[in-house]
Amino acid sequence: MSGHIRITPSILNADFGHLDQEIAKIAPVSDFIHLDVMDNVFVPNFTFDFSSAAKIIAASPIPIDAHLMVANVDSIAIDYAVAGAASVTIHAEATSDISSTLKGIKSHGARAALAVKPGTAIDQYSEFLDDVDMFLIMTVEPGFGGQKFMESMMEKVRITRKIIGSRPIWLQVDGGISLETIEIAVTAGADTFVAGSAVFNAEDPARMVNALRERAISSKLAP
Ligand code: DX5
Ligand code: ZN
């Protein structure tokens, strides 16, 4: 299991009118900024079109983890790598050629990640272990921040951790992560954590990011 814990806060619940300042608050203590791209087709919500997302990527002081919740993702995923995203996540439910899209993302200099919605099993994707740098197990139905953590997804996290074995593949969870739920997710085998509302609803977002990391590390060390 990867020894390192990563906190990748989502800006979905940040103030979109002041994104630069919001990102500046958490950048010094975050591993990546998690950028949720939604097209109002794959999920019933819209956040950024490609050109707005590309501007955020270019302006970010730390690497961007782009989570693409868009239909027909094969046609646009590589553009996010070219635009400078450090990691690009495609949904297994939105692609018709997982291997070539993941390879395309990597060949353009970004880490390549594969996400599954709560209703999608992970076992069928173990054949892509050579192409994937990270698996993303959704712990909410994608589309909105502030939803309740789905503890029922921990079995899928445990299965994913087994599939990864000793490979240096990261295991990210996304949705409802807080000081309470991060412990459950660490115990199940996750090592990379998206938190949106827990961070931006906090009095001090940077302090919350640090608290989430410390909680995750102490949970991992717990017997
Ligand atoms: C939901 C997004 C998540 C969301 C997390 O579709 O993929 O990244 O912003 O927000 P919280 O942490 O509030 O569940
Ligand atoms: Zn996300």
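Residues numbered from 1 in each chain as written. Chains lettered and ligands numbered in written order. Predicted model: local features only at pLDDT ≥ 70, side-chain atom pairs only at ≥ 80, totals over all residues. Heavy atoms only, no water.

Visitor: Would you mind showing me how to read the packing of aromatic side chains here?
Guide: For any pair of aromatic rings, the description rests on two quantities: the centre-to-centre distance and the angle between the ring planes. For the coordinates displayed, the defined rule picks out four aromatic pairs. Look at F16 and F48: their rings are 5.0 Å apart centre to centre, the planes differ by 25 degrees, and that puts the pair in the stacked class. Of this pair, F16 sits in the loop between β1 (6-7) and α1 (19-26) while F48 is found in the loop between β2 (33-38) and α2 (50-59), placing the two residues 32 residues apart along the sequence. Relative accessible area serves as the criterion here: at 9%, F48 is assigned to the buried category. Sitting over the face of the ring of W170, R6 holds its NZ or CZ atom 3.7 Å from the ring centroid. A cation sits over an aromatic face here: R111 above W170, 3.5 Å from the ring centre. (Phe/Tyr/Trp six-rings, centres within 6.5 Å; stacked < 30°, edge-to-face > 60°. Helix = DSSP H or I, 4+ residues; strand = E, 2+ residues; numbered from the N terminus. Buried < 20%, exposed > 50% of the residue type's maximum accessible area, 1.4 Å probe, protein only. Lys NZ or Arg CZ within 6 Å of the ring centre and 35° of its normal.)

Visitor: So what exactly am I meant to see when it comes to the pairing of strand β5 (residues 111-116) here?
Guide: In summary, the side chains of a regular strand alternate between the two faces of the sheet. Most of β5 sits inside the fold, with five of its six residues counted as buried. One ladder, built from five bridges, connects strand β4 (residues 87-91) with β5; its direction is parallel. Directly across from I90, in β5, lies its bridge partner L114. Summarising the sheet, β5 and strand β6 (residues 134-138) pair through four bridges and their orientation is parallel. Note that in β6 the partner of A115 across the bridge is L136. (Pairing = 2+ DSSP bridges.)

Visitor: What is the right way to look at the pattern of salt bridges in this model?
Guide: Pairing between side chains of opposite charge can happen when the charged atoms of each approach one another. The final tally for this structure, using the stated rule, is nine salt bridges. Across the pair R158 and E155 runs a salt bridge, and its minimum N-O distance is 3.1 Å. You can see R158 and its partner E155 sitting in helix α5 (residues 154-164), three residues apart, about one turn around the helix. Taken together, the shared-partner salt bridges in this structure form one network comprising R6, R161 and D191. (Salt bridge = Lys/Arg side-chain N within 4 Å of Asp/Glu carboxyl O.)

Visitor: Just checking my understanding: could you explain the UniProt feature "active site" (unreviewed entry) in the protein for this structure?
Guide: Here, UniProt's "active site" (unreviewed entry) annotation points to D36 and D174. For the annotated residues, spread through 139 residues, the largest C-alpha to C-alpha distance comes to 10.6 Å, consistent with a single compact locus. Position of D36 among the secondary structure elements: in strand β2. Leaving out residues up to four positions away in the same chain, D36 has contacts with S10, L12, T47, F48, H67, M69 and D174. Following the sequence through the fold, D174 ends up in strand β7 (residues 170-174). Since its relative accessible area comes to 7%, D174 is described here as buried. Within the structure, D174 has its side chain in polar contact with the side chain of H34 (distance 3.2 Å). (UniProt positions renumbered as here; feature names shortened; annotations may be inferred. Contact = heavy atoms within 4.5 Å. Polar contact = N/O pair within 3.5 Å; in protein donor to acceptor, adjacent residues only side chain to side chain.)

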